[in-house]
Each structure stands twice: as C-alpha cells, then as structure tokens.
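Summary of structural features
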Amino acid sequence: MDNNNIATQQEGTQQAIGEVQQADQGQQRTGMTQYTEKLFTQTDVDRIVGNRLARMKQDLETSDIYRRERDEARRELEQYKNNAFLKEKGVPEQYLDYVSFKASQGMDDTTSFQQAAESFLKGNPSFINKGKGYKVVSTGSPDGGHGNSGAGDEAIRMAMGLKG
C-alpha cells in the first residue's frame, strides 16, 4: 500500500474514534450506558494497522514464492514428459535437448509439443536412432585396426635382429 492509502485509513480510524468518544460522552450525560467500549489511542491504532499491513505483505510474498515454485515444478514435469515422448520416438539422449528446443519452436496455440516434435523428426530423421543404440565403426583394415596386416613383420624382425 502507498502512503496515501495509509493516511486515508488513519483519518478514517481517527474519525471513528472521535464518533465513539462522542457517543460515550452522550451516554454519560444521559446516564444510560449499555456497555463499555475500549478506546484505542492513535498509537494503538497505528500499531494494529501496521501489524496487519506487515502480515498482508508477508502473506503476499509467501504466495509469490509458492506460485514460483509451482510454476517451476510444472515446467520440470512438462520437460520430463516431453523427454519421455522423444525417447519413445527413438531420439538418443545426446539429442534430447536440441530436438526438444526445435519442437518447442514449432508449437503454437493449435500445435502441441507432440505434434511439433513429430513434424520436426519427420523432416529430420537423422535425429532418430533406429538401430540397437550403437553404431559400428570400421577402420578399414582387416586386422581390426592395428595398422599392420602381417606383411611388414619380416622386415621388422630383421631390423631387430630376430630370427624367424
């Protein structure tokens, strides 16, 4: 609240206190007191209003914290669901973030993440792993990549002075 609202509340409170005091004086003059009311000083009213404003501010800050935590949890859950969907479609772990990013760019009010992901993967099938999860790479040499196929063994043996 700003200072104008606080000042308005204080003026209203002072006016109410004044009316209660006038009514109390009127009852004393007539000798008719129905009940006794507690009167507050301006310091008491200021303290009460200040405490109430502090509680309201704290409640507002607490609700903002809860709202942020809730929104973060929702985003994490959506990301988890989206990654699970992409894994089902065969996207390897190393491409999940990229494909998820590209699919989210294709989303709009009428296109869900799943539709956007399927559309992206249809246009980019290289991000789909259709095999067993690994790729066999060959060095091209028949001995398994050691670099010599036995043809140079004699020359090496002779150079080292070995027989055989």
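Each value, and the rule that gives it
Residues numbered from 1 in each chain as written. Predicted model: local features only at pLDDT ≥ 70, side-chain atom pairs only at ≥ 80, totals over all residues. Heavy atoms only, no water. Buried < 20%, exposed > 50% of the residue type's maximum accessible area, 1.4 Å probe, protein only. Helix = DSSP H or I, 4+ residues; strand = E, 2+ residues; numbered from the N terminus. Expected span 1.5 Å × (residues − 1). Core = buried A, V, L, I, M, F, W, Y, C linked by side-chain atoms within 4.5 Å. Contact = heavy atoms within 4.5 Å. Patch = residues over 30% accessible without salt bridge, like charges linked within 9 Å, V, L, I, M, F, W, Y side chains within 5 Å. Areas by Shrake-Rupley, 256 points an atom, 1.4 Å probe, with all protein chains shown as cover. Salt bridge = Lys/Arg side-chain N within 4 Å of Asp/Glu carboxyl O. Axes fitted to C-alpha atoms, helices over the stretch in contact; angles between N-to-C directions. Left-handed = near helix turned anticlockwise from the far one by under 90°. Nonpolar A, V, L, I, M, F, W, Y, C, P; charged D, E, K, R; others polar.

So, on to helix α5 (residues 153–160). Counting buried positions along α5 yields zero of eight residues, so the element is predominantly exposed. Once α5 finishes, Gly161 follows within two positions and takes phi at roughly 85°, a positive value.

Here we take up helix α2 (residues 42–88). Look at α2: 69 Å from first C-alpha to last across 47 residues, which is about the 69 Å you get at 1.5 Å a residue. Note on α2: the residue one or two positions beyond its end, Gly90, has a positive phi of about 100°.

To continue, consider the nonpolar core. Ranked by size, the top nonpolar core spans twelve residues in total: Phe85, Leu86, Val91, Leu96, Val99, Ala103, Phe113, Ala116, Ala117, Phe120, Leu121 and Phe127. Broken down by secondary-structure element, the contributors of at least two residues to this core are α2, α3 (96–105) and α4 (113–123). Excluding residues within four positions of it along the chain, Leu121 makes contact with Leu86, Lys89, Val91, Val99, Phe127 and Ile128.

All right, on to a nonpolar patch on the surface then. Residues Ile156, Met160 and Leu162 make up a contiguous nonpolar surface patch of roughly 310 Å² in combined accessible area. The residue Met160 is located in helix α5 in this model. For Met160, a relative accessible area of 59% translates into the label exposed.

Another point: the pattern of salt bridges. Under the defined criterion, the tally for this structure stands at six salt bridges. Ionic pairing is found between Glu72 and Arg75, a salt bridge with its closest N-O pair at 2.9 Å. Of this pair, Glu72 and Arg75 both sit in helix α2, three residues apart, which is roughly one turn of the helix. Residue Arg75 is classed as exposed on the basis of its relative accessible area of 51%. In this structure, the salt-bridge partner of Lys87 is Glu93, at a minimum N-O distance of 3.4 Å. Given the relative accessible area of 57%, Glu93 is considered exposed.

Turning our eyes to something else, we now look at the packing of α2 against α4. Between α2 and α4, the shortest axis-to-axis distance is 11 Å and the interhelical angle comes to 35°. α2 and α4 meet at a crossing whose hand is right-handed. When α2 is examined against α4, the residues Asn82, Phe85 and Leu86 are found in contact with a partner set consisting of Phe113, Gln114, Ala117, Glu118 and Leu121. The residue makeup of the contact of α2 with α4, split by class, is five nonpolar, two polar and one charged.

Taken by themselves, the reported measurements are silent on function.
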